[in-house]
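# What the coordinates show
So the chains spell out like this:
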Amino acid sequence: MPGSYFVYGKRLHELLLVSPHFWLRGSLQNVLLTFYLALCHAWFFAACFFLPPRMIRPERYLDVKVKGSAAKSGQNCESLRQYLDRIWLPQYYVLYFLLPILSIICSCSHAEMLDFPASDVTSFMKGSFLRKTYVAKGGINRVQATLAGGIKDVRLQTRVNKVERVDGGVLIRYESQDEKRSAEEVFDRVVLAVSPNVAAAIFNPSKPLLGVIPTVPVTSTVLASPNTKISLVDEKTHVPSGGCSYRRGEAQIMAFRTTFSDSIVQTESLHYLEGGLVVRTSPTGDVAEVKGTLDTARFTRTLRTTESRNMVRKAMEAGDAGWVNGKDDVWIVGSWCWDGMVLLEGCVVSAMRVARDLGVNVPW
Ligand SMILES: Cc1cc2nc3c(=O)[nH]c(=O)nc-3n(C[C@H](O)[C@H](O)[C@H](O)COP(=O)(O)OP(=O)(O)OC[C@H]3O[C@@H](n4cnc5c(N)ncnc54)[C@H](O)[C@@H]3O)c2cc1C
């Protein structure tokens, strides 16, 4: 669908309450639209706080036995799709404003986002209410360096092919990509910090639980200059005046572009960095290379569904049968190893749980 629609760079309440420029220069249509958005937004936040997602019986009964949880009685949390219907959030707001942002955060299509458990989104909205987003000074590299501080044996370009419980420990079979050789080693304990599809592929006992958790590829491209073919020039001309709020450093500008087609509706983000670089992130593994591309990286994103939520909960809690986290001296950590949105917070929470199991003091 060609054309663009309202883009805002400031928080809505700032726009409405403290921006004389907006009142004097904005078109009537934009002023009305802003009021409409503010109302929808307020209603959505109120619903997140005061109308918790329901637990419902799934059509296809899942035999998930999680001690003390709703999953034990065969109940699932309602999906985001069901929740948005129930709270009567206007379709126009959902399609053009809410889903683009949520699906950018989760790097997936709008339909996949609607399959997420509603509890993920309501918890996320409550947790981020009136909070500013910020990145560590020096970027995420600094976090990585801090986390890896003191670890002496770091082997990059090494792919683990097999993790297996053996007498006296856990066997790891791995392949060094640089030296093109395979090797085996036995460790006391193993912590897998990979996506669920990889964990299921390399560690057999986890397969029944983790093999069903959906994952999707995501592509990030660094572009050197605007390229007319992908209409970055258009994006440049209507770049919002505000930007993401960062507690430190310069505000940065992000634009979202949603493609509406019969088969799929998905949003990509264009993150404008200083010096004219643009980072384009698309929720697909297949992005045509355009002129000006400096680098392309592919990631795996783990999705959430009401069913996979039960699987994760089952893997995380002590159970009576099958493999659970920590059994056979193998643990899993990562953004998907907790009951919430698949973000860095999940990495921290799941790593703290493993630290506790291993008797390691968490320094915060
Ligand atoms: C473009 C993008 C932007 C994001 N922005 C944010 C954000 O702003 N805030 C936020 O909270 N989250 C964000 N996320 C999500 C967050 O980055 C991820 O959820 C998080 O990095 C996942 O961490 P992880 O340790 O679970 O897995 P990963 O970061 O995916 O790490 C898994 C690692 O395992 C390696 N690996 C895979 N297979 C093997 C194997 N067989 N042997 C050895 N190694 C293997 C992979 O190469 C990878 O390095 C973003 C994600 C993407 C893709």
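The paragraphs below set out a description of the structure included in this document. A quick note: this is a predicted structure, and the numbers were derived from the prediction, not measured. Per chain, residue numbering runs from 1 following the sequence as it is written. Totals for whole chains, interfaces and linings use all residues, but because this is a predicted model, local features are given only for residues with pLDDT of at least 70 and pairs of side-chain atoms are given and counted only at 80 or more. Values reported for side chains reflect all heavy atoms of the structure, with hydrogen atoms and water molecules removed beforehand.

Let us look at the overall build of the protein. A count of helices and strands for the protein gives 13 helices and 12 strands. Among the 364 residues that make up the protein, the fraction classed as buried is 39%. Two residues qualify as a contact provided that any one of their heavy atoms is within 4.5 Å of a heavy atom in the partner residue. In the protein, the share of contacts with a sequence separation of at least 24, taken over all contacts with a separation of at least 6, comes to 59%. Accessible area of the protein: about 21000 Å², with a carbon and sulfur share of 56%. Numbering goes from the N terminus for both helices and strands, where a helix is a DSSP run of H or I of at least four residues and a strand is a run of E of at least two. Accessibility here uses a 1.4 Å probe with only protein chains present; expressed as a share of the type maximum, an area under 20% marks a residue as buried, one over 50% as exposed, and anything in between as partly exposed. For accessible areas, the Shrake-Rupley method is used with a probe of radius 1.4 Å. Any residue's cover is judged against the shown protein chains and nothing else.

Our focus in this paragraph is the site of the ligand. Neighbouring the ligand are 16 residues; Val 160, Ala 193, Gly 334, Ser 335 and Leu 344 lie closest to it. Definition of a polar contact: a pair of N or O atoms within 3.5 Å, with one able to donate and the other able to accept a hydrogen when the atoms are protein atoms, and with sequence-neighbouring residues admitted only if both atoms are side-chain atoms. Between the ligand and Val 160, the relevant distance is 2.8 Å, taken from a nitrogen atom to a main-chain nitrogen or oxygen of the residue. In the model, an oxygen atom of the ligand is placed 2.9 Å from a nitrogen or oxygen of the Leu 344 main chain. Here the ligand, which alone exposes 990 Å², has 57% of that area covered by the protein. Counting only elements with at least two residues in the shell around the ligand, the list comes to strand 3 (158-166), strand 11 (293-302) and helix 13 (344-357). When residues of the shell around the ligand are assigned to their parent elements, the largest contribution, 3 residues, is made by strand 3. Think of it as three bins: nonpolar holds Ala, Val, Leu, Ile, Met, Phe, Trp, Tyr, Cys and Pro, charged holds Asp, Glu, Lys and Arg, and polar takes everything else, Gly as well. Classifying every residue of the shell around the ligand gives 9 nonpolar, 5 polar and 2 charged. Note that domain bounds follow an automatic or database assignment of domains. Formed jointly, the shell around the ligand draws a minimum of three residues from each of two domains, domain 1 (12-50 + 80-114 + 215-302) and domain 2 (155-185). To be near a molecule or strand, a residue needs just one of its heavy atoms within 4 Å of it.

Another aspect to go through is the sheet that holds strand 3. Two strands pair if DSSP finds at least two bridges between them. The 3 strands lie next to each other as 3-4-5, forming an open sheet whose pairing is antiparallel. Lying at the two open borders of the sheet, with one neighbouring strand each, are strand 3 and strand 5 (181-187). Looking at each pair of strands side by side, their axes are set apart by 20 degrees on average, direction ignored. With 7 bridges joining them, strand 4 (residues 169-176) and strand 5 adopt antiparallel strand pairing. Each residue of the ladder has a partner; that of Leu 171, found in strand 5, is Val 186. Angular values range over 0 to 180 degrees, each being the angle between N-to-C directions of two axes fitted as lines to C-alpha atoms, with helices fitted over their stretch in contact.

When you tally the buried positions in helix 8 (residues 140-148), you get 0 out of 9 residues, a small fraction of the element. Two residues or fewer past helix 8, Gly 150 is found with a positive phi of approximately 90 degrees.

So, on to the pattern of salt bridges. Whenever Lys or Arg places a side-chain nitrogen within 4 Å of a carboxyl oxygen from Asp or Glu, that contact is recorded as a salt bridge. For the structure on display, the rule yields 13 salt bridges. Residue Asp 339 pairs with Arg 304 through a salt bridge whose shortest N-O separation is 2.8 Å. Here Asp 339 is found in the loop between strand 12 (330-332) and helix 13, whereas its partner Arg 304 is found in the loop between strand 11 and helix 12 (306-316), with 35 residues between them in sequence. A relative accessible area of 35% places Asp 339 in the partly exposed class. Residue classification places Arg 304 among the buried residues on the basis of a relative accessible area of 2%. Shared partners join several salt bridges into a network, and the residues in it are Asp 120, Arg 304, Arg 309, Arg 313 and Asp 339.

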